[in-house]
Amino acid sequence: MFNMVEFCITNLANGAQKTYEELEKDPEIDVLEYGCMSYCTKCARGFYAVVNGEVVEADTPDELTKAIYQYIEENPMW
């Protein structure tokens, strides 16, 4: 089973695309995008993704990438 990272298309357009592209290179992560994930206040404040069902937030795309990998490391699926 792979880790799942989900993105809102608006957050990708706001700059999270960099994180999306980095994570797509990782064979152990499934990366998905949706039209809207109903986290509009988080989307307006900064960058976020839903990692294995939990929201992970950061101020920059680079910080988001690091936060996602940290979350996955600290919360293994198996």
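Residues numbered from 1 in each chain as written. Predicted model: local features only at pLDDT ≥ 70, side-chain atom pairs only at ≥ 80, totals over all residues. Heavy atoms only, no water.

By the naming in an unreviewed UniProt entry, the chain goes by YuzB family protein and is assigned to Solibacillus palustris.

### Some points on the pairing of strand 2 (residues 29-34)
Threshold: Any two strands with at least two DSSP bridges between them are considered paired. Numbering of helices and strands starts at the N terminus; helices are DSSP runs of H or I of at least 4 residues and strands are runs of E of at least 2. Every crossover in which the path from the first strand over the helix to the second runs clockwise, viewed with the strands pointing away from the viewer, is termed right-handed.
Pairing of strand 1 (residues 3-8) with strand 2 involves six bridges; the strand directions are parallel. Of the residues in strand 2, the one forming a bridge with Met 4 is Asp 30. Viewed along the sheet, the connection from strand 1 through helix 1 (residues 9-24) into strand 2 turns out right-handed.

### Overview of the packing of aromatic side chains
We count it as follows: When the centres of two rings from Phe, Tyr and Trp lie within 6.5 Å, Trp using its six-membered ring, the rings pair. Their planes under 30 degrees apart give stacked, over 60 give edge-to-face, and anything left gives tilted. Burial classes: relative accessible area under 20% of the type maximum marks a residue as buried, over 50% as exposed, and values in between as partly exposed (1.4 Å probe, protein chains only).
Throughout the structure, instances matching the rule amount to two aromatic pairs. Both rings, one in Phe 7 and one in Tyr 20, keep their centres 5.6 Å apart while their planes meet at 65°; by these two values the pair is edge-to-face. A residue pair is termed long-range when its members are at least 10 positions apart, and Phe 7 in strand 1 and Tyr 20 in helix 1 qualify at 13 residues. Just as Phe 7 is buried, Tyr 20 falls in that class too.

### Some details on the environment of Asp 26
Locating Asp 26 in the fold gives a position in the loop between helix 1 and strand 2. Taking the C-alpha atoms as reference points, Asp 26 and Pro 76, separated by 50 residues in sequence, lie 16 Å from one another.

### Digging into the side chain of Thr 65
Counted only if it meets this: Should any heavy atoms of two residues lie within 4.5 Å, those residues are counted as being in contact.
Tracing the chain through its elements places Thr 65 in helix 3 (residues 61-74). Overall, Thr 65 belongs to the buried group, its relative accessible area being 14%. Dropping the residues within four chain positions of it, Thr 65 is found in contact with Thr 19 and Glu 22.

### Looking at the packing of helix 1 against helix 3
Filter applied, for reference: Angles shown run from 0 to 180 degrees and are taken between the N-to-C directions of axes, each axis being a line fitted to C-alpha atoms and, for helices, limited to the stretch in contact. With respect to orientation, any angle under 35 degrees is reported as roughly parallel, any angle over 145 as roughly antiparallel, any angle of 65 to 115 as roughly perpendicular, and every other angle as oblique. In a left-handed crossing the near helix is turned counterclockwise from the far helix by less than a right angle, and in a right-handed crossing that turn is clockwise. Only Asp, Glu, Lys and Arg are considered charged, only Ala, Val, Leu, Ile, Met, Phe, Trp, Tyr, Cys and Pro nonpolar, and every remaining residue, Gly among them, polar.
Close contact between helix 1 and helix 3 brings their axes to 8 Å; oriented N to C, the two are set at 40°. As far as their axial angle goes, helix 3 and helix 1 are oblique. Classified by chirality, the crossing of helix 3 by helix 1 is right-handed. Counted together, Gly 15, Ala 16, Lys 18, Thr 19, Glu 22 and Leu 23 of helix 1 and Pro 61, Asp 62, Leu 64, Thr 65, Ile 68 and Tyr 69 of helix 3 form the full contact between these two elements. Residue classes in the contact of helix 1 with helix 3 are distributed as six nonpolar, three polar and three charged.

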